[in-house]
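# Coordinates in review
Listed here are the chains, written in short residue letters.
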Amino acid sequence: MSRWKAPHLTVIAALLVAASTPISANAAPPATPRPLASGPVNPGFDTGDLTGWTVTEGTAFGPAAVTAIDSYWGGPFHHRGSHHLWGHAAAGDDATGTLRSSSFAAPARMSFLVGGGWDPERLYVALVRDSDGRVLRKQTGPQDEAYVRIVWDTSAWRGQGVHLEVVDRKAGGWGHLNLDDVRTGEAAVRDDNGLTFRTLGQAGQPTAPTAPRDFTADPLRPQFHYTPYQGWINDPNGVIQWRGRHHLFSQFYPDAPLWGPMHWAHAEGPDAVHWRDLPVALTPPPRATPTDNSGIFSGSAVDDDGTLTVAYTKFTDTAAHPGAAPETVAIATSTDGVNFTPGTEVITQAPPGSSAGFRDPKVFRDPVDGRWKMVVGSGDGGRGKVQLYASDDLRTWTYTGVLAEGDGTTGAMWECPDLFPLGGKWVLLYSTNEGGQSLQRYAVGDYDGSGFRAERHGILDGGGDTYAAQSYRDDAGRRLMTAWMSDWNVKEPTRVNGWAGAQSLHRELFLAPDGRLGQRPVAAADSLAEGAPVTVTDKTVTGTWRLGRGETARVKAVLDLGRTTADTVTLRLKASVAEATVLRYEKADGTLSLDTTGAGYGTRATYRTQVKPSPDGTLALDIFVDRSSVEVFTGDGAALTARVYPRYRESQAVEFAAEGGRLHLRSASLTRLGSAVLPD
Ligand code: FRU
């Protein structure tokens, strides 16, 4: 309809202008003011070609870039309509070029789908003013092929002639950009299903951490999980309670929402829930070459007679530093808990049999012989392993030997090991990559000061986003643990806002009666509650029932299985008519699954764990929903954690459903949770 209207109006306007203009034989024909279209021609490439778009430079965007292909190597593109512009399709990553849309009148708001590489300088969609070529808005990609919708407030230029430019000046990996479904006016923010798109995009996001920092503006920013304001984080490092305060360091790259030369970000707080950012604790050496990735890899912290002492992997990129040892152990210290001395190398060479790597030292005081011990992740010949060292002063370390080793089925390199006593046993945590899947594993067994004998193996969290877990014993004697709430496979749609990565809620570990390693949210998480909870008791659900709404909320429920006749009970979280994260309990076999495949952007998988009801026939669920995460804890200590990224503002409902009978809830409650960010 609109495509027919635009030329029609143009013709009428031209006729009117012609009729009212006196014609003089000598004068140049008057400029014809052309009414501007309300949006670009062919806004979603659904003509199947580049109609309305002009290649202005290079080869990146030939006609072959318009494609109807639905899926790439990692899943569906989630494009709209029949076609989209896949910047890789015409000439691959190495080609560069620019593509220009037809001109249109700047609306009050516009939105579009963007995919492809992240690089704000070399890969972006720009809104350009026709009259002076000024770039009014820019947006780079999510470093993923799948599309994320960007919403722009363009009201400042409303009515002015503008056009879009798709710019690809990047060659090499992720050197392409994808575009689809440009929308203007009301349709820019409201989808055809009546729901409102969340406002994502780098416009309005700072490029550097500036004060005051607003953690509330970004609709995908977790409110009670530690996140980098801009840039990237992965593993939690150096977790400790020191002089009464809890410290949390993170693998950190400040310059991009991508892994890069590692720093240690640093935060501290009173309760293992609320965090205040401190200055970056450890920084990598200056880059020797533009691609030098040398940096401060993962490690741990101990209190050495009042001195906060951290042990970390000094990673040296041998492509930039030929002949250097790639991974050594270094120590840095702080007497004020803020400023650290430059690191000193204390283990300059990996022990034999460490061909897959030698990193992530975790230091602890060994109750068996009173000495300092250090476990280090390693692997050789396809088997992950843990190396053990001993010391009396944290400076001179003696290699003790291999503490534990895999059988070849649990990954070739065990990252981030952690060894600690718990409930009369010893627990070994380690992270693995198995056939492209990242897993947080654990073993429970016995340790005699030099060797570990596993009696039981397990996966710490059945969800897809728990990796590089690290624990500490706090002043109250609890074993607290946090993990990178992500992994090496995750899609990070938040990259369009300049950041990626979050740390899990701190959890208290315990040994369950059946010997499994259990976890529960740290008790101080109660302090996040805001306002009075919505509570029900003794509620029977047939069909679907809505408990309430919340994008930062805690949902507790006690399912009375004795009085529940339904075969399957589901709890839809972050739900709207278009999307939901679905927790499902199968009564027959005790499977609890978390289905994130219809949750929004960054669609992933369905995760499963086994849960055991309490002896009284109830199943307790304690669920933390944050803006882009869901953490499920069950009464028996199982957990399912996943990042989810809803597309729509309305996706906040919490709904129970019973299939094949009724559900009886002994109780259920929904509490809104507040922010864990303490002012700097
Ligand atoms: C685990 C890991 C560690 C390494 C760090 C680098 O996620 O690969 O082994 O120290 O990340 O950032």
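So, here is what we can say about the structure in this document. (Residues numbered from 1 in each chain as written. Predicted model: local features only at pLDDT ≥ 70, side-chain atom pairs only at ≥ 80, totals over all residues. Heavy atoms only, no water.)

According to the stated counting rule, one finds 46 salt bridges in the structure shown. A salt bridge links Asp 366 to Lys 373; its shortest N-O distance comes to 2.7 Å. There is no split in this pair, since Asp 366 and Lys 373 are both buried. The residue Lys 612 makes a salt bridge to Asp 514 at a minimum N-O spacing of 2.7 Å. In this pair, Lys 612 is assigned in the loop between β40 (606–610) and β41 (618–626) and Asp 514 in the loop between β33 (507–511) and β34 (517–521), connecting sequence segments 98 residues apart. Given the relative accessible area of 47%, Lys 612 is considered partly exposed. Here Asp 514 falls in the partly exposed class, since its relative accessible area comes to 30%. (Salt bridge = Lys/Arg side-chain N within 4 Å of Asp/Glu carboxyl O. Buried < 20%, exposed > 50% of the residue type's maximum accessible area, 1.4 Å probe, protein only. Helix = DSSP H or I, 4+ residues; strand = E, 2+ residues; numbered from the N terminus.)

Let us look at the pairing of strand β42 (residues 629–634). Within a regular beta strand, the side chains point alternately toward one face of the sheet and then the other, so they alternate between its two faces. Burial within β42 is extensive, with six of its six residues counted as buried. Residues Ser 629, Glu 631 and Phe 633 line one face of β42 and the alternating positions Val 630, Val 632 and Thr 634 line the opposite face, and both faces are buried. Sheet topology places β41 next to β42; six bridges connect them, and they run antiparallel. When the sheet's bridge partners are listed, Ile 623 is paired in β42 with Val 632. The antiparallel pairing of β41 with β42 creates a hairpin that spans two residues between the two strands. Judged from the five bridges that link them, β42 and strand β43 (residues 639–643) form a sheet pairing that is antiparallel. When the bridges of β43 are listed, Phe 633 appears paired with Ala 639. Taken together, β42 and the strand that follows it, β43, pair antiparallel across an intervening segment of four residues, in which Gly 637 is found at a positive phi of about 95°. (Pairing = 2+ DSSP bridges.)

Pairing is antiparallel across the open sheet formed by five strands, whose spatial order is β2-β5-β13-β8-β11. Only two strands of the sheet have a single neighbouring strand rather than two, namely β2 (66–67) and β11 (144–153). As paired elements, strand β8 (residues 109–116) and strand β13 (residues 177–184) share six bridges and run antiparallel to each other. Within the sheet, the bridge partner assigned to Gly 116 lies in β13 and is Leu 177.

Most of β43 is tucked away: five of the five residues are buried. Along β43, one buried face is formed by Ala 639, Thr 641 and Arg 643 and the opposite face, lined by Leu 640 and Ala 642, is buried too.

Glancing now at the site of the ligand. Neighbouring residues of the ligand: 13 residues in total, closest Asp 235, Gln 251, Arg 359, Asp 360 and Glu 415. Gln 251 is positioned such that a nitrogen or oxygen atom in its side chain is 2.7 Å from an oxygen atom of the ligand. The contact in question runs from an oxygen atom of the ligand to an N or O atom on the side chain of Trp 259, over 3.0 Å. Burial of the ligand by the protein amounts to 96% of the accessible area it has alone, namely 320 Å². The set of elements that each furnish at least two residues to the shell around the ligand consists of β14 (231–242), β18 (295–304), β22 (357–365) and β26 (415–422). Of the residues contributing to the shell around the ligand, the split by class is six nonpolar, three polar and four charged. (Near = heavy atom within 4 Å. Polar contact = N/O pair within 3.5 Å; in protein donor to acceptor, adjacent residues only side chain to side chain. Areas by Shrake-Rupley, 256 points an atom, 1.4 Å probe, with all protein chains shown as cover. Nonpolar A, V, L, I, M, F, W, Y, C, P; charged D, E, K, R; others polar.)

Next up on the list: the side chain of Asp 622. Inspection of the secondary structure puts Asp 622 in strand β41. A polar side-chain atom of Asp 622 sits 2.8 Å from a polar atom in the side chain of Arg 554. Not counting residues within four places of it along the chain, the set of residues in contact with Asp 622 comprises Pro 521, Arg 554, Val 555, Lys 556, Glu 631, Val 632 and Phe 633. (Contact = heavy atoms within 4.5 Å.)

Applying the stated criterion across every chain, the model contains 27 aromatic pairs. Here the aromatic rings of Trp 484 and Trp 488 are separated by 4.9 Å at their centres, their planes lie at 70°, and the arrangement is edge-to-face. For Trp 484, a relative accessible area of 0% corresponds to the buried category. The ring of Trp 499 has Arg 221 sitting right over it, with the charged end atom 4.4 Å from the ring centre. Note that Arg 365 overlies the ring of Trp 372, its terminal NZ or CZ placed 4.0 Å from the centroid. (Phe/Tyr/Trp six-rings, centres within 6.5 Å; stacked < 30°, edge-to-face > 60°. Lys NZ or Arg CZ within 6 Å of the ring centre and 35° of its normal.)

On their own, these measurements won't tell you what the molecule is for.
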